[in-house]
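Residue-level listing of the chains:
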Amino acid sequence: MTANTAANTAANTAANWAAFTEAEPELAKIAEDRFGAFTHHVLATLRKDGSPRTTGLEVNFLDGELWLGMMPGSLKALDLNRDPRFALQTNPGPGTGMGGGDVRISGRAIGVEDGEAKETYVKEVEPPQPFHLFRTELTEVVRTYVEDDKYLVVEIWKPGEPLRTIKRT
């Protein structure tokens, strides 16, 4: 499968944050709480040569969307403008507790140049100007946590599919 074929296939199976919240409200709430627990998280993008790049990032949930804001000319913004695929992982926090588990989100980042959406974002978040703004289209949300100090539990959501839960001992 070529990169373009993969991107087109993903386009048919992506959802915004509101659609995810409607499909899986409990998991969406847990994810928002995990992202809200700390300011900085880890974003993975693809460099020009296809190798991964990880960088810190703040995220915002507004008006049914998961937004990614970035400094002008940042390498992660250049990466996303070239190839919109990303993975985002919550900050695990101090120690080894990881209250609420680990949450990872994969999808595509769509650049927002101007208009009402960017104006609303600026009013709510007050980012330093100028900046790059991306709204996200989710292709997967994964939560991993420990249950009863016995099971590793992995919850996997993909658009159009039921939530899958895998328990391992």
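As a starting point, this report considers the structure included with it. (Residues numbered from 1 in each chain as written. Predicted model: local features only at pLDDT ≥ 70, side-chain atom pairs only at ≥ 80, totals over all residues. Heavy atoms only, no water.)

Overview of helix α4 (residues 75-82)
All buried positions along α4 are accounted for by K76, A77, D79 and L80. Seen along its axis, α4 keeps its buried residues to an arc of 160°; they face one direction. Those residues of α4 hidden inside the fold are in contact with β1 (41-46), β2 (52-57), β4 (65-70), β5 (85-89), β6 (102-112) and β7 (132-147). (Buried < 20%, exposed > 50% of the residue type's maximum accessible area, 1.4 Å probe, protein only. Helix = DSSP H or I, 4+ residues; strand = E, 2+ residues; numbered from the N terminus. Arc of directions from axis to C-beta. Contact = heavy atoms within 4.5 Å.)

Description of a negative patch on the surface
Taken together, E113, D114, E116 and E119 make up a surface patch of like negative charges. With respect to the helices and strands, the residue E113 is situated in the loop between β6 and α5 (116-125). Judged by its relative accessible area of 60%, E113 is exposed. (Patch = residues over 30% accessible without salt bridge, like charges linked within 9 Å, V, L, I, M, F, W, Y side chains within 5 Å. Areas by Shrake-Rupley, 256 points an atom, 1.4 Å probe, with all protein chains shown as cover. Salt bridge = Lys/Arg side-chain N within 4 Å of Asp/Glu carboxyl O. Lys, Arg positive; Asp, Glu negative; His and termini not counted. Charge placed at Lys NZ, Arg CZ, Asp CG, Glu CD.)

Focus: the packing of aromatic side chains
Tallying each qualifying case throughout the model produces 6 aromatic pairs. Site record: aromatic cluster; members linked through ring pairs are W17, F20, F35, F61 and W157. The ring of Y151 has K167 lying over it, and the distance from NZ or CZ to the ring centre is 5.2 Å. (Phe/Tyr/Trp six-rings, centres within 6.5 Å; stacked < 30°, edge-to-face > 60°. Lys NZ or Arg CZ within 6 Å of the ring centre and 35° of its normal.)

Some words on the side chain of E155
Within the element layout of this structure, E155 appears in strand β8 (residues 151-157). Using a relative accessible area of 12% as the deciding quantity, one classes E155 as buried. Here E155 is in contact with L27, V141, V142, R143, Y145, L163, R164 and T165, once residues within four sequence places are set aside.

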